[in-house]
Structure formats: structure tokens, C-alpha cells
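Letter by letter, the chains look like this.
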Amino acid sequence: MQESSPRQDVTIGILALQGAFAEHQVMFQKVSSKKKAVIVLVRTEEDLGKCDALVIPGGESTTIALLARLAGLLGPLRDFLKKKPVWGTCAGAILLSQAIEGAKKGGQELLGGISVTTARNGWGSQVRSLEIRTFRKLLTPP
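Here's a quick rundown of the structure. For every chain, the first residue of the written sequence is number 1, and numbering continues from 1 onward in sequence order. Residues qualify for local features only when their pLDDT is at least 70, as the model is predicted, and side-chain atom pairs are given and counted only at 80 or more; totals for whole chains, interfaces and linings, by contrast, use all residues. Values reported for side chains reflect all heavy atoms of the structure, with hydrogen atoms and water molecules removed beforehand.

### Digging into the nonpolar core
Membership of the largest hydrophobic core comes to 20 residues, with the highest contact counts inside it found for Leu15, Leu77 and Leu111. We call two residues contacting when some pair of their heavy atoms lies within 4.5 Å. Contacts of Leu111, omitting those with residues within four sequence positions, involve Ile56, Leu74, Leu77, Arg78, Leu81, Leu95 and Leu96. Counting 7 residues, the second largest nonpolar core, distinct from the first, contains Ile14, Ala16, Phe28 and Val55. Residues enter a nonpolar core if they are buried and are Ala, Val, Leu, Ile, Met, Phe, Trp, Tyr or Cys, with the set joined through side-chain atoms within 4.5 Å. A 1.4 Å probe rolled over the protein chains alone gives each residue an accessible area, and that area as a share of the maximum for its type sets the label: buried under 20%, exposed over 50%, partly exposed in between.

So, in C-alpha cells, the structure goes:
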């Protein structure tokens, strides 16, 4: 008979500076697993230090980078991703890229960590993109 190993919790951080962090939190809380996932909304270096893994959600990548810099998190995030798993969705994937195409004038801070170049703003700026899609829906006859 095989002994079962003790259940260990895994602490998943979600970078909670801007973007879809609340939606990610809700989805992680719904996941069923052998290990219990403890969710930490990461806003400080202390929060980050509690995490076994990190998710950087979608949002606006330049805003997330700016807020991370202002919170003193850019260096700690770069150190974290060298040692532990990090997953980025949308803007998070942009921030994890080594390079980007279509950066804002003046450039953008990146965390790096993934050897990819990401093209951003395929639809133009986020605000313009939303307006175009919304108005197309409103103006298209059923």
C-alpha cells in the first residue's frame, strides 16, 4: 500500500496593479486540484515573497510596467521569474517578452524572461480598438 504524501498548499500570486486580476482570482478559486491553491494579490515585494508562482494578467502593459516601477516591483519581479514559474496573459505576455514590436513612443519597460518578440497593438490603442469594435456592433444591422 502506498502512503499518500501530505497535502501541501501552493501559493499563486496574481499581479494586482491594473487589469484583469480579479477575474483571474475568481477562476483560480474555482480550480479543483490535489493541492490547495492559496491566492495572493501581489501589490508589494512582501506579497511577491509569499508566492510559489505568479500570474501577470491582461490589462494595459505600459500601465502595469509603470505601476510596477512606482511600487518598486520591477527588480523583484525580474528576480522572481528567474527562479519560479510565471504565466502572463495578454499584457502579461507582453511584459514577459524579451522584445516587442509596436511599442509606444519612448519605448516600454519589459520584464523579459521569455525569448520571444511580441507584436502589440494589432488593433491600435486599446481605447480606439474598443471604440471601433463597439461602434461596429452598434451600426451593423441584425
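### With respect to empty space enclosed by the protein
Throughout, the protein atoms alone are placed on a 1 Å grid, and a set of points is a cavity if a 1.4 Å probe fits but cannot get out or a pocket if it is open with protein on both sides within 12 Å along at least five of seven lines; lining residues have an atom within 4 Å of a point. Grid points are joined across faces, edges and corners, and a volume is the space filled by probe spheres set on the points. Evaluation of the coordinates by the stated rule reveals 1 cavity of 30 Å³ or more. Computed from the structure, the largest cavity encloses a volume of approximately 40 Å³. If you go around the largest cavity, the residues you meet are Leu15, Ile64, Ala65, Ala68, Leu74, Leu77, Leu95, Glu109, Leu110 and Leu111. In terms of residues, the lining of the largest cavity owes the most to one element, helix H3 (residues 61–70), which gives 3 residues. Elements are defined by DSSP. Helices are runs of H or I of four residues or more, strands are runs of E of two residues or more, and each kind is numbered from the N terminus.

### What to know about the environment of Leu95
Positionally, Leu95 belongs in helix H5 (residues 91–96). Between the alpha carbons of Leu95 and Leu111 there is a distance of 5.5 Å; along the sequence they are 16 residues apart. Not counting the four nearest positions on each side in its chain, Leu95 is found in contact with Ile56, Ser61, Ile64, Ala65, Gln108, Glu109, Leu110, Leu111 and Gly112.

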